[in-house]
Amino acid sequence: MTESDLGVFAEAIAEIAVDAGKAILDVYGKDFEVSHKDDASPLTQADLASHRIICDALAHLTPDIPVLSEESSDLDYDTRADWSQYWLVDPLDGTKEFINRNGEFTVNIALVRSHEPILGVVHVPVTGVTYTGLVGKWASKHDADGRMEHISVRTPCADPVVVVGSRSHANPRLLEYLAKLGPYELVSMGSSLKFCLVAEGKADFYPRLGPTSEWDTGAAHAVVMAAGGKIVTLEGKPLRYNTKKSLLNSEFLVIADEGRDWLEVFESYKFVTNS
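Residues numbered from 1 in each chain as written. Predicted model: local features only at pLDDT ≥ 70, side-chain atom pairs only at ≥ 80, totals over all residues. Heavy atoms only, no water.

### With respect to the nonpolar core
Cut-off, in case you're wondering: We call a set of buried Ala, Val, Leu, Ile, Met, Phe, Trp, Tyr and Cys residues a nonpolar core when their side-chain atoms join them within 4.5 Å. When accessible area is computed with a 1.4 Å probe and restricted to protein chains, residues below 20% of their type maximum are described as buried, those above 50% as exposed, and intermediate ones as partly exposed. For helices the rule is a DSSP run of H or I covering at least 4 residues; for strands it is a run of E covering at least 2, with both sets numbered from the N terminus onward. Here, residues are in contact when the closest pair of their heavy atoms is within 4.5 Å.
Core analysis: the biggest nonpolar cluster contains 38 residues, and L88, Y131, F195, V198 and V254 have the highest contact counts within it. Of all elements in the fold, only strand 4 (85-93), strand 5 (106-113), strand 6 (116-124), strand 7 (129-134), strand 10 (161-166), helix 6 (193-199), helix 7 (214-226) and strand 14 (252-255) reach the threshold of two or more residues within this core. The residues touching Y131, leaving out its near neighbours within four places in the chain, are G120, V121, V122, V124, S140, K141, I151, L193, C196, E200 and V223.

Okay, here's the thing in structure tokens:
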């Protein structure tokens, strides 16, 4: 796949995500059963239906590019390590939000190349909104009626700063840190929508101080980067993908305005990070 192909593929991936979202809504509108995986995370028929639609469509669209999905993530690292590029998929990001029926769940599809996401699509089934990012080129938001607008992060950041945090994963460490940040407004949100609020200029900062998996972040990472934002680990290094056996991310910061030294403030509080 060449650089000139990526814009065309972005549209095709968005269509795949919308199709997966329709399958999710078919389940969402009915009574459904919830099972649990080995790690105790919840699983529904919507996760599996979305997974099948996306993987089948990607296999048809790009048969030579492997797919790593949350629902088929038991691939040996020796196999993954040789991939120069691959599709990274979370068929239903925010399963807890889905179960709670609050609408804050997404379909995430990213193309990762050389350990970095270069294309990402985040679709919100309940609202019909789709965020797309082509890193180094553009980021956009389509509504349910097909209207499109280009999006970008907010600079300078708002006063007070708008911080977005997880709705389902309260973290006392985060609250302690934010107390040192100065005046701020905290917005709670589920799934990868937290990234998208930063990407479209509605939030300034998203510090993630708890565990996430690579499929949770890849697509929205691309959207944020394409919108002019930055994502770094607590050591200030870029968040990278498929570099180790574990698919857990390091803790990270999603930043809109690079003119403010978020890392310096963070380090001044001397957090001990989870590895």
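Now that the structure has been shown, we can carry on.
### Quick word on the packing of aromatic side chains
Rules: Side-chain rings of Phe, Tyr and Trp (the six-membered ring for Trp) are treated as a pair once their centres are within 6.5 Å; stacked means planes under 30 degrees apart, edge-to-face means over 60, and tilted covers the remaining angles. Geometrically, a charge over a ring is one whose NZ (Lys) or CZ (Arg) sits within 6 Å of the ring centre while staying within 35 degrees of the ring normal.
Applying the stated criterion to the full structure yields ten aromatic pairs. A centroid spacing of 5.3 Å and a plane angle of 45° characterise the contact between W83 and Y86, whose relative ring orientation is tilted. By relative accessible area, Y86 is classed as buried at 2%. Pairing Y177 with F205 gives two aromatic rings, centres 6.3 Å apart and planes at 65°, and the pair type is edge-to-face. With Y177 in helix 5 (residues 172-179) and F205 in strand 12 (residues 205-208), the pair connects residues that are 28 residues apart, well separated along the chain. Grouped by ring-pair contacts, the aromatic residues Y28, F32, F98 and F105 constitute a single cluster. Taking the ring centre of Y28 as reference, the NZ or CZ of R101 above it sits at 5.6 Å. The cationic tip of R260 hangs over the ring face of W262; the distance from NZ or CZ to the ring centre is 4.7 Å.

### Examining a nonpolar patch on the surface
Operational definition: Each patch groups residues whose relative accessible area exceeds 30% and which form no salt bridge, using 9 Å between like charges and 5 Å between nonpolar side chains of Val, Leu, Ile, Met, Phe, Trp and Tyr. Surface accessibility in these figures is a Shrake-Rupley result with a 1.4 Å probe; residues are shielded only by whichever protein chains are displayed. Within this document, salt bridges are pairs made up of a side-chain nitrogen of Lys or Arg and a carboxyl oxygen of Asp or Glu, the two lying within 4 Å of each other.
The grouping of L175, Y184 and L186 at the surface amounts to a nonpolar patch, some 250 Å² of accessible area in total. With respect to the helices, strands and loops of the structure, Y184 is situated in strand 11 (residues 184-189).

### Overview of the sheet that holds strand 8 (residues 138-142)
What counts here: Note on pairing: DSSP must find at least two bridges between two strands before they are called paired. To define axes, lines are fitted to C-alpha atoms, for helices over the stretch in contact only, and angles between the resulting N-to-C directions are given on a 0 to 180 degree scale.
Here seven strands make up an open sheet; going across it, the order is 3-4-5-6-7-8-9 and the pairing mixed. Here the strands that pair on one side only, and so sit at the sheet edges, are strand 3 (67-69) and strand 9 (148-150). Strand-to-strand, the axes of this sheet are offset by a mean angle of 15°, without reference to chain direction. Sheet analysis places strand 5 next to strand 6, joined by seven bridges and oriented antiparallel.

### With respect to the pattern of salt bridges
For the coordinates displayed, the defined rule picks out ten salt bridges. Its salt-bridge partner being K244, residue E214 comes within 3.7 Å of it at the nearest N-O pair. Taken as a pair, E214 in helix 7 and K244 in the loop between strand 13 (230-233) and strand 14 lie far apart in primary sequence, 30 residues in all. Take K244: its relative accessible area is 33%, and that puts it in the partly exposed class. Taken together, the salt bridges that share partners define one network made up of K37, E70 and E71.

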